[in-house]
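What follows is the residue order along each chain.
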Amino acid sequence: GTHCSNVQRISLSIGETMGLNHKELKDLSIAAIIHDIGKIGIPESILNKPGRLTDEEFSIIQRHPQIGYDSIKHVKRLKNVSEAIRDHHEHYNGKGYPAGKKKEELSTISKILAVADVFEALTSDRVYRKAMSVEQAISIIQAGKEQQFDPIAVDALLEVVCEEQARRSS
């Protein structure tokens with residue numbers, strides 16, 4: 001859907017700002033477009049639930065990065081992609097899932113995906129809430145800098161958003 005193509009567009013802008021090379025950008029592009037492939041293994045009733053998730057439902061949703069990884073890990077060409085998909089809900093401070101990885105244990109691609117995914121989700125309408133403004137989303141992401149998010153990826157997102165807004169207003 002549009003979520004994945006938006007995450008792809010934002011991710012690539014962040015990646016370019018951070019100076020990723022051609023191969024890294026290609027891997028990032030593929031990872032972004034299929035980052036939620038693991039949701040294929042999650043019941044629709046949970047994915048589309050309008051209210052709060054129970055702890056049990058949330059623990060089921062938390063399986064999607066591992067399911068995504070398991071579904072493509074055997075494809076040699078997609079090694080970096082599969083690892084980034086597995087790690088896109090990990091946090092910079094180690095408090096994410098599925099493995100509680102942190103900082104340099106995480107690939108640059110997964111760190112970019114994490115920021116782009118949350119930014120896109122916050123600025124889009126969801127079943128359980130309306131979209132936030134770009135300003136609100138940015139302040140939430142800035143609050144998560146060095147906690148949930150890699151600081152370099154956050155700074156790159158800010159640069160991207162500022163450039164986009166400058167283009168719109170000119």
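Refer to the preceding data block for the structure.
Quick summary incoming for the structure in this document. Just so you know, these numbers come straight off a predicted model, no measurement behind them. (Residues numbered from 1 in each chain as written. Predicted model: local features only at pLDDT ≥ 70, side-chain atom pairs only at ≥ 80, totals over all residues. Heavy atoms only, no water.)

Here's the deal with the overall build of the protein chain
Part 1 of the reasoning: Helix and strand counts for the protein chain stand at 9 helices and 0 strands.
Part 2 of the reasoning: Reading the protein chain from its N terminus to its C terminus gives the helix and strand order α-α-α-α-α-α-α-α-α.
Part 3 of the reasoning: Relative to a compact globule of 170 residues, whose C-alpha radius of gyration would be 15 Å, the protein chain shows 15 Å and is just as compact.
Part 4 of the reasoning: The principal-axis extent of the C-alpha atoms belonging to the protein chain is close to 45 × 40 × 30 Å.
Part 5 of the reasoning: Counting every position in the protein chain, which comprises 170 residues, the buried fraction comes to 41%.
Part 6 of the reasoning: Pairs at least 24 apart in sequence give 57% of the contacts found in the protein chain among residues at least 6 apart.
Part 7 of the reasoning: Measuring between centres, the 23 positive side-chain charges of the protein chain sit 3 Å from its 24 negative side-chain charges. (Helix = DSSP H or I, 4+ residues; strand = E, 2+ residues; numbered from the N terminus. Rg over C-alpha atoms; globule rule 2.2 N^0.38 Å. Buried < 20%, exposed > 50% of the residue type's maximum accessible area, 1.4 Å probe, protein only. Contact = heavy atoms within 4.5 Å. Lys, Arg positive; Asp, Glu negative; His and termini not counted. Charge placed at Lys NZ, Arg CZ, Asp CG, Glu CD.)

Notes on the packing of aromatic side chains
Part 1 of the reasoning: According to the stated counting rule, one finds 1 aromatic pair in the structure shown.
Part 2 of the reasoning: For Arg 86, the ring lying beneath its charged end belongs to Tyr 69, and the centroid distance is 4.6 Å. (Phe/Tyr/Trp six-rings, centres within 6.5 Å; stacked < 30°, edge-to-face > 60°. Lys NZ or Arg CZ within 6 Å of the ring centre and 35° of its normal.)

A short note on unusual backbone geometry
Part 1 of the reasoning: In the segment running from Tyr 97 into Pro 98, the intervening peptide bond is cis, with an omega of 10°.
Part 2 of the reasoning: Among the structural elements, Pro 98 can be located in the loop between helix H6 (79–87) and helix H7 (108–122).

Some words on the pattern of salt bridges
Part 1 of the reasoning: Going through the model one piece at a time under the given rule, you end up with 13 salt bridges.
Part 2 of the reasoning: Salt-bridge contacts for Lys 23 lead to Asp 27; the nearest nitrogen and oxygen are separated by 2.8 Å. Placement of both Lys 23 and Asp 27 in helix H2 (residues 22–33) is noted, with a separation of 4 residues, approximately one turn of the helix.
Part 3 of the reasoning: Relative accessible area serves as the criterion here: at 47%, Lys 23 is assigned to the partly exposed category.
Part 4 of the reasoning: The shortest N-O distance in the salt bridge between Lys 79 and Glu 83 comes to 2.8 Å. (Salt bridge = Lys/Arg side-chain N within 4 Å of Asp/Glu carboxyl O.)

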